[in-house]
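Overview (structure and organization)
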Amino acid sequence: MQYQNTMKVSFISKSQNEAFARVAVAAFVSQLDPTVEEISDIKTAVSEAVTNAVIHGYENGEGIINVSCTLTNNIVDITIEDKGVGIEDIKKAREPLYTSKPELERSGMGFTVMETFMDEVEVESIPGKGTIVRMRKKLNSLK
Amino acid sequence: MQYQNTMKVSFISKSQNEAFARVAVAAFVSQLDPTVEEISDIKTAVSEAVTNAVIHGYENGEGIINVSCTLTNNIVDITIEDKGVGIEDIKKAREPLYTSKPELERSGMGFTVMETFMDEVEVESIPGKGTIVRMRKKLNSLK
Amino acid sequence: MDIIYSVKRGNLIVKIYGEIDHHTSETIREKLDKEFKKQNVKNIIFDFSEIQFMDSSGIGVIMGRYKNAKERGGKIGVFNLQPQVERVFKLSGLHKIINQYNSLDEAISSLQ
Amino acid sequence: MDIIYSVKRGNLIVKIYGEIDHHTSETIREKLDKEFKKQNVKNIIFDFSEIQFMDSSGIGVIMGRYKNAKERGGKIGVFNLQPQVERVFKLSGLHKIINQYNSLDEAISSLQ
Ligand SMILES: Nc1ncnc2c1ncn2[C@@H]1O[C@H](COP(=O)(O)OP(=O)(O)O)[C@@H](O)[C@H]1O
Ligand SMILES: Nc1ncnc2c1ncn2[C@@H]1O[C@H](COP(=O)(O)OP(=O)(O)O)[C@@H](O)[C@H]1O
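All of the points below concern the structure found in this document. Not measured: the values here are computed from a predicted model. (Residues numbered from 1 in each chain as written. Chains lettered and ligands numbered in written order. Predicted model: local features only at pLDDT ≥ 70, side-chain atom pairs only at ≥ 80, totals over all residues. Heavy atoms only, no water.)

1. Side note on the overall build of chain C
Along its length, chain C carries five helices and six strands. For 112 residues, the compact-globule formula gives about 13 Å, and the C-alpha radius of gyration of chain C, at 13 Å, lands near that figure. Classification of the 112 residues of chain C by burial places 53% in the buried group. Partitioning the contacts of chain C with sequence separation of at least 6, the portion at a separation of at least 24 is 69%. Accessible area for chain C stands at about 5,300 Å²; split by element, carbon and sulfur atoms hold 45% of it. Of the charged side chains in chain C, 17 are positive and 14 negative, and the gap between their average positions amounts to 7 Å. (Helix = DSSP H or I, 4+ residues; strand = E, 2+ residues; numbered from the N terminus. Rg over C-alpha atoms; globule rule 2.2 N^0.38 Å. Buried < 20%, exposed > 50% of the residue type's maximum accessible area, 1.4 Å probe, protein only. Contact = heavy atoms within 4.5 Å. Areas by Shrake-Rupley, 256 points an atom, 1.4 Å probe, with all protein chains shown as cover. Lys, Arg positive; Asp, Glu negative; His and termini not counted. Charge placed at Lys NZ, Arg CZ, Asp CG, Glu CD.)

2. Let's talk about helix α3 (residues 83–92) of chain D
Most of α3 of chain D is tucked away, with seven of its 10 residues classed as buried. Buried within α3 of chain D are the following residues: Q84, V85, R87, V88, F89, L91 and S92 of chain D. On its buried side, α3 of chain D packs onto α2 (36–57) and α4 (110–117) of chain A together with β4 (51–54), α2 (56–71), β5 (76–79) and β6 (99–101) of chain D. Backbone geometry just downstream of α3 of chain D places G93 of chain D in the positive-phi region, at approximately 80°.

3. Some points on unusual backbone geometry
All names here are of chain B. Even without glycine at this site, E59 takes up a positive phi of about 45°. Turning to its location among the elements, E59 is positioned in the loop between α2 (36–57) and β2 (64–72). Given the relative accessible area of 47%, E59 is considered partly exposed. Non-glycine residue N73 carries a positive phi angle of around 50°. Here N73 is to be found in the loop between β2 and β3 (75–82). Accessibility expressed as a relative area gives 30% for N73, which makes it partly exposed.

4. What to know about the side chain of K43 of chain A
One can find K43 of chain A in helix α2. This buried residue, K43 of chain A, is left without a salt bridge; E19 of chain D holds the nearest opposite charge, at 4.4 Å. Dropping the residues within four chain positions of it, K43 of chain A is found in contact with R22 and A26 of chain A together with E19 and F53 of chain D. (Salt bridge = Lys/Arg side-chain N within 4 Å of Asp/Glu carboxyl O.)

5. Some thoughts on the site of ligand 1
Residue and element names in this part refer to chain A. Around ligand 1 sit 19 residues in total, of which N52, H56, T99, S100 and G108 are the nearest. Between an oxygen atom of ligand 1 and a side-chain N or O atom of N52, the distance comes to 2.8 Å. At a separation of 3.4 Å, an oxygen atom of ligand 1 approaches a polar backbone atom of S107. Coverage of ligand 1 by the protein chains reaches 95% of its 530 Å² of free accessible surface. Elements with a contribution of two residues or more to the shell around ligand 1: α2 and α4. It is α2 that contributes the most residues to the shell around ligand 1, four residues altogether. (Near = heavy atom within 4 Å. Polar contact = N/O pair within 3.5 Å; in protein donor to acceptor, adjacent residues only side chain to side chain.)

6. Let's talk about the pattern of salt bridges
Residues and elements named next belong to chain A. Under the defined criterion, the tally for this structure stands at 36 salt bridges over all chains. A salt bridge links K14 to E62; the nearest nitrogen and oxygen atoms lie 3.9 Å apart. Here E62 lies in the loop between α2 and β2 (64–72) and K14 lies in the loop between β1 (4–12) and α1 (16–29), a separation of 48 residues in the sequence. Residue classification places E62 among the exposed residues on the basis of a relative accessible area of 60%. A salt bridge links K101 to E59, with the nearest nitrogen and oxygen atoms 3.6 Å apart.

7. Let's talk about the packing of α2 of chain A against α3 of chain D
Where α2 of chain A contacts α3 of chain D, the axes come no closer than 10 Å and their chain directions differ by 55°. Classed by the angle they form, the pair α2 of chain A and α3 of chain D counts as oblique. When you trace α2 of chain A past α3 of chain D, the crossing you get is right-handed. Where α2 of chain A abuts α3 of chain D, its residues E37, S40, D41 and T44 of chain A lie against Q84, R87 and V88 of chain D. (Axes fitted to C-alpha atoms, helices over the stretch in contact; angles between N-to-C directions. Parallel < 35°, antiparallel > 145°, perpendicular 65-115°, else oblique. Left-handed = near helix turned anticlockwise from the far one by under 90°.)

8. So, the relation of the copies chain B and chain A
Each of the two chain copies can be brought onto the other by rotation about an axis and movement along it. Expressed as a screw operation, the relation of chain B to chain A combines 0.0 Å of axial shift with a rotation of 180°, fitting to an RMSD of 0.0 Å. Considering both components of the superposition, the chain copies are consistent with a two-fold axis. Within chain B, V9 of chain B has its C-alpha nearest the rotation axis, a separation of 2.1 Å. The residues that chain B uses at the interface reappear at the interface of chain A in 100% of cases, marking a shared surface. (Least-squares fit on C-alpha atoms with pLDDT ≥ 70 in both.)

9. Quick notes on the interface of chain A and chain D
On the chain D side, the residues contacting the 26 residues of chain A number 20 residues. Linking chain A with chain D are six salt bridges, by the criterion used here. The partner of E37 of chain A in a salt bridge is R87 of chain D, and the shortest N-O contact between them spans 3.9 Å. Here chain A is connected to chain D by 14 residue pairs in polar contact (both at pLDDT 80 or more). Listing elements by their share of the side of chain A that touches chain D, those giving two or more residues are α1, α2 and α4 of chain A. For the side of chain A that touches chain D, the residue count by class is seven nonpolar, 11 polar and eight charged. (Nonpolar A, V, L, I, M, F, W, Y, C, P; charged D, E, K, R; others polar.)

Structure (structure tokens):
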């Protein structure tokens, strides 16, 4: 039988909400009894994507960030969406060490972290309209 | 200066999501540095209202529950909304020990818990349309 | 959520690890009633040391077990309540019908 | 998020309590640079015992401090990395330029 569950969370693009977003996703995923490592991988990836929406998407201004999480058996699907400036060159953006904000001491490792800690990362973006990051992770700690 | 922050979370009325909902609200409120007691009061009240939406609102069937939380300085405002069966007699529903589901071993103490642990609890309901519970708590542990 | 049982001098001792809410209370109720049926005991003693959270669903669980124990002429005892659980206990009036103890030994000797 | 500083044999020892993300990194950076300016030290040693979470914002913080220390001819050392932080360290390549130690004593004697 298929187990399915889903949640959505929306919040203002304040840096305080980065911690909230990763804890909310972790709390939701924890119903699948993941390992500590799986949960911390997911928290880290969510933190990166939400931070990008705050810093790059809305350039530290105000906007709404939408995060959704769907569980299908042991598959975790997460999307992080902003309606901010968007990304011109997604391929370049995903390169390790590339950052458009070195003056803010960004490391350019955000996408690399997401790709390392999750199984799949897809980025969809329209300049001037916003960005959606879709991430998937299969939990090996099946219930 | 006024500090303001807000979040919304929506999820399916599964009993698994009761824990998720209270942890999400607690994670959001924790940016105000509340005491352990304040946080556990809020978690308990949210748990009661969300459980009511699951058991009574949707009668253990499927529906969407919306929870929002707004912080205004040290005031925490929380709403829990379902589009379920609604409540005919709100006054009676709020009486301690009253429950319409004694066969499920409900204690009838849900609203009493909310009223004890929060400063204000308002219930708005239309039979056949759904219920909104609005709760407010002032944190005395000002940042 | 995990439950560990033991039997001592006619008491079923129940230690729950986790949170007691509507979701977990359904499993707790089911498992507990099965164990109570199996064992030749009168009283149920709850070890609350590892429960950091309980909402009013927990009140329902305890009241229900109170009735079951009463049918056998037994009682319910609880010990080691954590602060949040203590507050829910107080406001529910449970502390008026359920005996609260500081330790398992105290519970066992008082419930004799 | 709290930071505790101490100075030992020319090293500024920094112990951070909490999580390092974009939000907290702004405060950490500011406080740390102020302390480094004030103190007559070359090296910065981070005690990571109490950091359960760090994302790539933390990499930025450490790289920035690495540059500051370098200007004084100093280095950065870290010790007691927790598993999640260790994984972020590894994938970022930070472990290639930042020395990792098992204890404060080891860090101090190696950085001499
Ligand atoms: N949500 C977003 N909106 C706009 N631009 C983004 C977004 N996410 C990432 N980017 C762009 O991609 C670049 C690389 O992102 P990342 O790998 O996370 O590194 P960093 O955040 O350290 O810059 C960013 O510097 C930015 O230019
Ligand atoms: N969201 C809701 N939708 C419909 N009915 C509700 C809702 N919340 C509460 N009620 C009604 O109010 C009664 C009292 O609620 P409460 O004090 O929480 O006790 P309990 O949940 O133990 O029954 C419930 O038994 C139910 O009839």
